[in-house]
Amino acid sequence: MSLHVIVGAGPVGSATARLLADRGEQVRIVTRRGTGPDHPAVEKVAADASDPGTLTKLTEGATALYNCVGAPYHRWPTDLPPPAAASLAAAHATGAVLATTSNLYGYGPVDGPMTEQTPQRATGVKGSLRARLWREALAAHEAGDVRATEVRGSDYLGAGTQSLLTLLVLPKVLAGARVSVPADLGAPHSWTYVGDVARTLVAVAADERAWGRPWHVPTAAPVSMRELAARACALAGAPVPRLSTMPRAVLWLGGLRDPLVRELRETQYQFRRPFVLDSSATTTAFGIEANPLEESLRETMA
């Protein structure tokens, strides 16, 4: 039985903790308030994981350290770099493998499916930040200071996830209401199941072939927002969804009042055009297949 330290108890951190605990591993999950899943093998610790000294002490003796920290869109620049730096420091001091949860923002707008070899050319604040944090981890890995890897997924499905789909679309269409969505409703879009993120994190942390590069989470074939909403309504026995495309000007005006809505302006390309993740490399290397989309939807709605 090995010790695994997880920073963050959001959907990914909690799923990773449960996965490891169910396998018989010892899990320590670190959050500011000491939250996390209830499991006899999960130790919940209230601590500041952005403090390198604190996180290093908590990581002593650990096989792996998983950075699963999340933050509201408008707080990424202030909230994400400190725990990322502390995780690098803790991994360097303890020898634990560092596996970080990330996403596709660093690539910026692209034409065609994104692979791990797609250059990270984002120019927006959030995308540039994600790209920079990976460059810093990769530089430390290449210098021999840490053993680091990163997993990247698209918009999440699963228990407790928050996205344009779960916050705006599903609550309304399942209630039979009309909803205006800031998206091309017919554009293909990849949707990643959080359980698959957890499985990928655990796999790449344990396999030295995975270190020193990013990996895409195995993800089901892309479907449009319109099709996904229709599948959700069919599963729930709800009426056929009534969707319309929100004009860009309406989104811009909404951002004048709401900082979270304002941050959506930067990432509109992800929903106004095809946004497709190619995860074939991970499936080939580790044999991980994506969870069926309908199962992921059922868990999301539950």
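In this report, we go over the structure that sits alongside the text.

Scoring rules and cut-offs
Residues numbered from 1 in each chain as written. Predicted model: local features only at pLDDT ≥ 70, side-chain atom pairs only at ≥ 80, totals over all residues. Heavy atoms only, no water. Helix = DSSP H or I, 4+ residues; strand = E, 2+ residues; numbered from the N terminus. Buried < 20%, exposed > 50% of the residue type's maximum accessible area, 1.4 Å probe, protein only. Contact = heavy atoms within 4.5 Å. Core = buried A, V, L, I, M, F, W, Y, C linked by side-chain atoms within 4.5 Å. Salt bridge = Lys/Arg side-chain N within 4 Å of Asp/Glu carboxyl O. Pairing = 2+ DSSP bridges. Axes fitted to C-alpha atoms, helices over the stretch in contact; angles between N-to-C directions.

A tally of helices and strands in the chain yields 13 helices and eleven strands. Overall size of the chain, expressed as C-alpha extent along the three principal axes, is 55 × 40 × 40 Å. With 302 residues in all, the chain has 52% of them scored as buried. If you take every contact in the chain between residues at least 6 apart in sequence, the share linking residues at least 24 apart comes to 72%.

Turning our eyes to something else, we now look at the environment of Ala131. The topology assignment puts Ala131 in helix 5 (residues 125–142). Through-space distance from the C-alpha of Ala131 to that of Arg121 is 8.0 Å; in sequence the pair is ten residues apart. Sequence-distant contacts of Ala131, defined by excluding residues within four places in its chain, comprise Gly106 and Gln120.

Okay, the nonpolar core next. Counting residues in each nonpolar core, the largest one holds 31 residues, and the members touching the most others are Ile6, Val12, Val27, Tyr66, Val197 and Leu201. Taken together, the elements giving at least two residues each to this core come down to helix 1 (11–22), strand 2 (26–31), strand 4 (62–67), strand 5 (97–103) and helix 7 (194–206). Considering each element in turn, this core owes the most residues, seven residues, to helix 7. Discounting residues that sit within four places of it in the chain, Tyr66 has contacts with His4, Val5, Ile6, Val7, Thr16, Leu20, Ala99, Leu201, Val202 and Ala205. In terms of nonpolar packing, the next biggest core, distinct from the first, is built from 23 residues, Trp191, Met225, Ala232 and Ala238 among them.

Let us look at the pattern of salt bridges. Evaluation of the coordinates by the stated rule reveals 14 salt bridges. Arg213 serves as the salt-bridge partner of Glu116, at 3.8 Å between the closest nitrogen and oxygen. With Glu116 in the loop between strand 5 and helix 5 and Arg213 in the loop between helix 7 and strand 10 (214–216), the pair connects residues that are 97 residues apart, well separated along the chain. The exposure class assigned to Glu116 is buried, which follows from its relative accessible area of 9%.

Here we come to the sheet that holds strand 10. Pairing is parallel in the open sheet, where seven strands are placed in the order 3-2-1-4-5-6-10. Because the sheet does not close on itself, it has two edges, and the strands there are strand 3 (42–46) and strand 10. Between one strand axis and the next, the sheet turns by 20° as a mean value, whatever way the strands run. Pairing analysis gives five bridges linking strand 2 to strand 3, with the strands arranged parallel. Each bridged residue has a counterpart across the sheet, and for Arg28 the counterpart in strand 3 is Glu43. Packed onto the sheet, helix 7 meets strand 4, strand 5, strand 6 (148–153) and strand 10 and runs at close to 150° relative to strand 5.

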